[in-house]
Amino acid sequence: MIEEGAVDEAMSQLSELEAIGDAPPEVFWLKAQAFLQKDELPSARDALTQALGIDADYADAHYVLAQVLRSLKDEEAALHHELETLRCDALDESDMTDEEMQDELSFIEGEAERCLSELPEDLRARLENVPVLLVPRPDEELVRSGFDARAFGLFEGPEDGAVAPTRIVIFHANLASEFPEPELLAEQVHVTLLHEVGHFFGLDEDGVARLGLA
């Protein structure tokens with residue numbers, strides 16, 4: 001994020017870098033951030049498109065471009081870039097060893113169990129038959145339905161009219177990617193799980209936000 005009040009100066013410096021030629025995609029990414037701070041969505045769209053023209057697997061650019069396109073009411077293009085985000089995020093994770101992935105999963109699983117164990121006994125009893133599943137990220141079908149490719153969690157059940165059995169899903173790869181530091185990751189696992197538990201108990205998005213669980 002470019003500091004408030006420094007957007008114009010940053011834009012000037014980025015334009016100079018671009019003029020040199022062979023600018024890396026990060027230059028256009030930063031230009032897009034500056035345009036977004038100035039609420040210039042078409043210009044942000046164009047800068048992100050330029051970044052992806054240099055690196056088609058730039059996951060962050062796909063993700064932000066999807067949001068920009070959705071704001072510009074181009075739903076078809078937005079969905080394309082949401083799905084590309086899903087693809088590129090999985091690609092970025094492919095460099096991890098099996099041991100690293102297992103360590104990551106075990107850490108998040110442990111924090112989820114600790115979070116549930118700290119709930120009051122009567123709440124734990126009501127959650128006893130609600131499975132909490134850990135999966136890397138949303139699947140393509142879910143993203144096609146309009147779900148955020150980088151969401152941290154999901155509640156499915158009678159509260160939202162879903163046909164699927166009641167369950168809570170934690171997207172562990174999305175969490176670990178966004179919060180690489182163990183302390184922050186642990187905190188966000190708790191926030192995410194409590195957010196979805198809030199939905200189970202009937203709270204809407206505003207309700208969980210008022211509890212600081214957004």
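In what follows, the accompanying structure is described. (Residues numbered from 1 in each chain as written. Predicted model: local features only at pLDDT ≥ 70, side-chain atom pairs only at ≥ 80, totals over all residues. Heavy atoms only, no water.)

## Things to note about the nonpolar core
In step 1: Residues Trp29, Leu48, Tyr58 and Ala61 are the most contacted members of the largest nonpolar core, which totals 19 residues.
In step 2: When residues of this core are traced back to their parent elements, those giving at least two are α2 (25-37), α3 (41-54) and α4 (59-71).
In step 3: In terms of residue count, α3 provides more of this core than any other element does, 6 residues in total.
In step 4: Setting aside residues no more than four positions away along its own chain, Leu48 makes contact with Trp29, Ala32, Ala61, Val64, Leu65 and Val68.
In step 5: One finds Ile168, Leu175, Ala176 and Leu185 within the second-largest nonpolar core, a separate group that totals 16 residues. (Core = buried A, V, L, I, M, F, W, Y, C linked by side-chain atoms within 4.5 Å. Buried < 20%, exposed > 50% of the residue type's maximum accessible area, 1.4 Å probe, protein only. Helix = DSSP H or I, 4+ residues; strand = E, 2+ residues; numbered from the N terminus. Contact = heavy atoms within 4.5 Å.)

## Re the environment of Leu127
In step 1: You can see Leu127 is positioned in the loop between α7 (121-126) and β1 (132-135).
In step 2: Distance in space between the C-alpha atoms of Leu127 and Phe200 is 8.6 Å, their sequence separation being 73 residues.
In step 3: Leu127 has contacts with Leu116, Leu119, Val197, Phe200 and Phe201, leaving out every residue within four places of it along the chain.

## Considerations on helix α6 (residues 98-117)
In step 1: Taking 1.5 Å as the rise per residue, α6 with 20 residues should run 28 Å; its terminal C-alpha atoms sit 28 Å apart, in good agreement.
In step 2: When we look at burial in α6, the residues that qualify are Glu104, Ile108, Glu111, Ala112 and Cys115. Along the axis of α6, the buried residues cluster in a sector spanning 100°; they form a single face. Opposite the packed face of α6, turned more than 90 degrees from it, sit the exposed residues Asp98, Glu99 and Glu113.
In step 3: In this structure, the buried side of α6 is in contact with β1, α9 (172-178) and α10 (182-200). (Expected span 1.5 Å × (residues − 1). Arc of directions from axis to C-beta.)

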